[in-house]
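# Commentary on secondary and tertiary structure
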2 protein chains.
Amino acid sequence: MNATFAEISAALSDKQRILVVSHLRPDGDALGCTIAFALWLKSLGKEVVTWNEDGMLDKFRYLPGHEMVTTPPEEPQAFDAVVALDNSVKKRLGTVIPAIKDGALWINIDHHVSNDRYGDLNYIDPSAPATGQILCEFFRDRQIAITPDQAANLYAAISTDTGSFQYAGTGPRTFQAAMELVAAGVNVAQISRDMYENQPRRRLELLRHALNGAEFSCEGRVACFSLTLADVDRLGVLPEDNEGIIDHLRSVEGVIAAVFFEELPEAKVRVSARSKDPSVDVCKICALFKGGGHPLAAGARVRGGLEEVKERFLEAVCHEIRNRN
Amino acid sequence: MNATFAEISAALSDKQRILVVSHLRPDGDALGCTIAFALWLKSLGKEVVTWNEDGMLDKFRYLPGHEMVTTPPEEPQAFDAVVALDNSVKKRLGTVIPAIKDGALWINIDHHVSNDRYGDLNYIDPSAPATGQILCEFFRDRQIAITPDQAANLYAAISTDTGSFQYAGTGPRTFQAAMELVAAGVNVAQISRDMYENQPRRRLELLRHALNGAEFSCEGRVACFSLTLADVDRLGVLPEDNEGIIDHLRSVEGVIAAVFFEELPEAKVRVSARSKDPSVDVCKICALFKGGGHPLAAGARVRGGLEEVKERFLEAVCHEIRNRN
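Residues numbered from 1 in each chain as written. Chains lettered and ligands numbered in written order. Predicted model: local features only at pLDDT ≥ 70, side-chain atom pairs only at ≥ 80, totals over all residues. Heavy atoms only, no water.

Per an unreviewed UniProt entry, chain A is named Phosphoesterase RecJ domain-containing protein, and its organism is Terrimicrobium sacchariphilum.

In structure tokens form, the structure reads like this:
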């Protein structure tokens, strides 16, 4: 059962040294929530520490307060409380875990349906499309005024996790949260430019590469592109650059599923699949390759060469499309 | 001075045959508002006609009620009232104008600051980022329940005109409107797929062409691409396909201004310029070439060959960037 916002707030009120954390390979929701919550705790006079296995990513340096987020130290530290945000299972905190001494109260606030409730106090709301929305509702419930810096972080959290208010789960509560955050001082045009219009040039090169190599199969209903180890080397792309590239293929008229094949060392291929039709469940297809995810967005790591994995996977996707109800 | 919503509603109440129109080369705001308003008038038992010079565009066929929108007939018709939505100056109605007999009451509801108030009753609100937002506020003010079909049209109007809630002018009122529309029954994930993930394949070809031919100048602060008449012919692209292509260049880190040069017949070039920094006013630059627009988005039609116009325009942009404060 979920703790109430009042219980969470009461539990934190008598704690002094508090750690705020989120999952490794953090996205905007992970980092935005971490910073917004930490800023609030600081304003209460708490001693606040924010760690992430990957530290602060360059692409999120527009978040006010980003300088607070550091990688965890080698030597474990003691805390009165640990607040884990947007983190479904404890091990997704990565190197943060061994840096925390036993004895802290764990608070776990998240929107992932797969959250395994590892906290002493848990607040899990899978109906929220972003943990940022839950934090907005927490602040509203506790009648806590949101500062412009907190608002910018929560706005970025919600906007990035909903694909700018487009993904499933974006509902009236999401827009209510956005309304309140903008009223609290978010400059929408500026932060949108920071979030969506400040891509490294190498990402444009990657998109160009993807479009030039795009292949359509299954009567135009499946689109895919591949990235070899040599491509990665030549283009100098980072793992974070891949995000969203696949959407360009999925967005083509007639395409139902888009797949991205990325060659990995040791004869493996990372497969990312996206569907835009609920009748084509890419999670089911990925499960055939020991992967998983959601019905419209799933992935797998498959042993084998790029061409071979590609052929097998595309065949499975096309089979699924041809045989759906 | 603006009429009140009450005055507009009262003026329409005793009219029976009503025409709803918007600007030629319609966007989502133009068509979404046209249909949403027409659906409301129909629900009151009015005889409603909706025309657009370009009729219904294929790419907006996801709008419920889209089949109502037709091109104007050759023979003029009489109306009790004409409601022009999202249309700044009368002549932007194009071939709709000669199809309307004199004698109608003109109502003009718009968000363009350049609106010249050509209506008998005018309601112009330049603080709204979309006319769809004004119509939401009209319905709220008049305590008119919005149906799911009307909501989908108004949601599309607002989302497309704000670049999915990203452009300047997107404020608390915009999110409040979205909240109410979603509560009224919009399926956000579905309509977002319809709006943003259903591009014709030729648009992907155009994007590929643009990325392959992209050029960066002025120390990476200016990006541009060109489209020759031969390219248009080879790629089979329509004017509406160009929309948004330039944003891919503008979104690159370090780029301040992006420019798109399109060769036109009769030795002219259509120039579209976008800035992401208010200190670089592309409207001012376009004015040097007898064009106009907004500080961050402007255009011009320039006499001359593609290469020559490109060189002159890029020089002007770079000069502006180097000499800004």
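From this point, the discussion proceeds with the structure in view.
Moving on: the sheet that holds strand 9 (residues 257-264) of chain A. Residues and elements named next belong to chain A. Strand order across the open sheet formed by 6 strands is 7-8-9-10-12-11, with mixed pairing between neighbours. Among the strands making up the open sheet, the edge pair consists of strand 7 (215-217) and strand 11 (292-294). Going from strand to strand, the sheet's axes swing by 20 degrees on average, the running direction of each strand aside. With 8 bridges connecting them, strand 9 and strand 10 (residues 268-275) associate as antiparallel partners. Pairing of phenylalanine 261 across the sheet is with valine 271, part of strand 10. (Pairing = 2+ DSSP bridges. Helix = DSSP H or I, 4+ residues; strand = E, 2+ residues; numbered from the N terminus. Axes fitted to C-alpha atoms, helices over the stretch in contact; angles between N-to-C directions.)

Moving on, we come to the UniProt feature "domain: DHHA1" (unreviewed entry) in chain A. UniProt records the feature "domain: DHHA1" (unreviewed entry) for residues 240-322 of chain A in the present numbering. Annotation note: span residues 240-322 of chain A, helix share 36%, strand share 31%, distance between end C-alpha atoms 33 Å. (UniProt positions renumbered as here; feature names shortened; annotations may be inferred.)

Here the focus is the pairing of strand 4 (residues 81-85) of chain A. Residues and elements named next belong to chain A. Of all 5 residues in strand 4, 5 are buried, a share of seventy percent or more. Pairing of strand 1 (residues 17-21) with strand 4, which is carried by 4 bridges, proceeds in the parallel orientation. Considered in strand 4, the bridge of isoleucine 18 is made with alanine 81. As paired strands, strand 4 and strand 5 (residues 105-110) are joined by 5 bridges and run parallel to one another. Bridge pairing in strand 5 links valine 82 to tryptophan 106. (Buried < 20%, exposed > 50% of the residue type's maximum accessible area, 1.4 Å probe, protein only.)

Least-squares fitting of chain B to chain A yields an RMSD of 0.1 Å, with the transformation described by 0.0 Å of translation along the axis and a rotation of 180 degrees. Viewed as a symmetry operation, the transformation between the two copies matches a two-fold axis. No C-alpha of chain B lies nearer the rotation axis than that of phenylalanine 175 of chain B, which sits 2.7 Å from it. Here 100% of the contact residues of chain B are again contact residues in chain A; the copies associate through an equivalent surface. (Least-squares fit on C-alpha atoms with pLDDT ≥ 70 in both. Contact = heavy atoms within 4.5 Å.)

Here the focus is the interface of chain B and chain A. Of the residues lining the interface, 42 residues belong to chain B; the matching set on chain A comes to 42 residues. Applying the counting rule to chain B against chain A returns 2 salt bridges. In this structure, glutamate 197 of chain B engages arginine 250 of chain A in a salt bridge whose closest nitrogen and oxygen atoms are separated by 3.0 Å. The interface formed by chain B and chain A holds 20 residue pairs in polar contact (both at pLDDT 80 or more) in total. Where the side of chain B that touches chain A is concerned, the elements lending two or more residues are helix 5 (172-183), helix 6 (188-196), helix 7 (201-212) and helix 9 (245-250) of chain B. The dominant element in the side of chain B that touches chain A, judged by the number of residues it contributes, is helix 5 of chain B, at 7 residues. (Salt bridge = Lys/Arg side-chain N within 4 Å of Asp/Glu carboxyl O. Polar contact = N/O pair within 3.5 Å; in protein donor to acceptor, adjacent residues only side chain to side chain.)

Ranked by size, the top nonpolar core spans 114 residues in total, and within it Phe37 and Tyr155 of chain A together with Phe37 and Tyr155 of chain B carry the most contacts. The element contributing the most residues to this core is helix 2 (residues 28-43) of chain B, with 9 residues. Once you skip the residues sitting within four places of it in the chain, phenylalanine 37 of chain A turns out to touch Leu12, Val20, Val83, Leu85, Leu135, Phe138 and Phe139 of chain A. Of all hydrophobic cores here, the second largest spans 36 residues; its members include Ile245 and Val252 of chain A together with Ile245 and Val255 of chain B. (Core = buried A, V, L, I, M, F, W, Y, C linked by side-chain atoms within 4.5 Å.)

With respect to the secondary-structure elements, aspartate 125 of chain A resides in the loop between strand 6 (121-124) and helix 3 (131-141). Leaving out residues up to four positions away in the same chain, aspartate 125 of chain A has contacts with Asp110, His111, Ile134, Glu137 and Arg173 of chain A.

Moving on, we come to the environment of isoleucine 158 of chain B. With respect to the element layout, isoleucine 158 of chain B can be found in helix 4 (residues 148-161). A relative accessible area of 1% places isoleucine 158 of chain B in the buried class.

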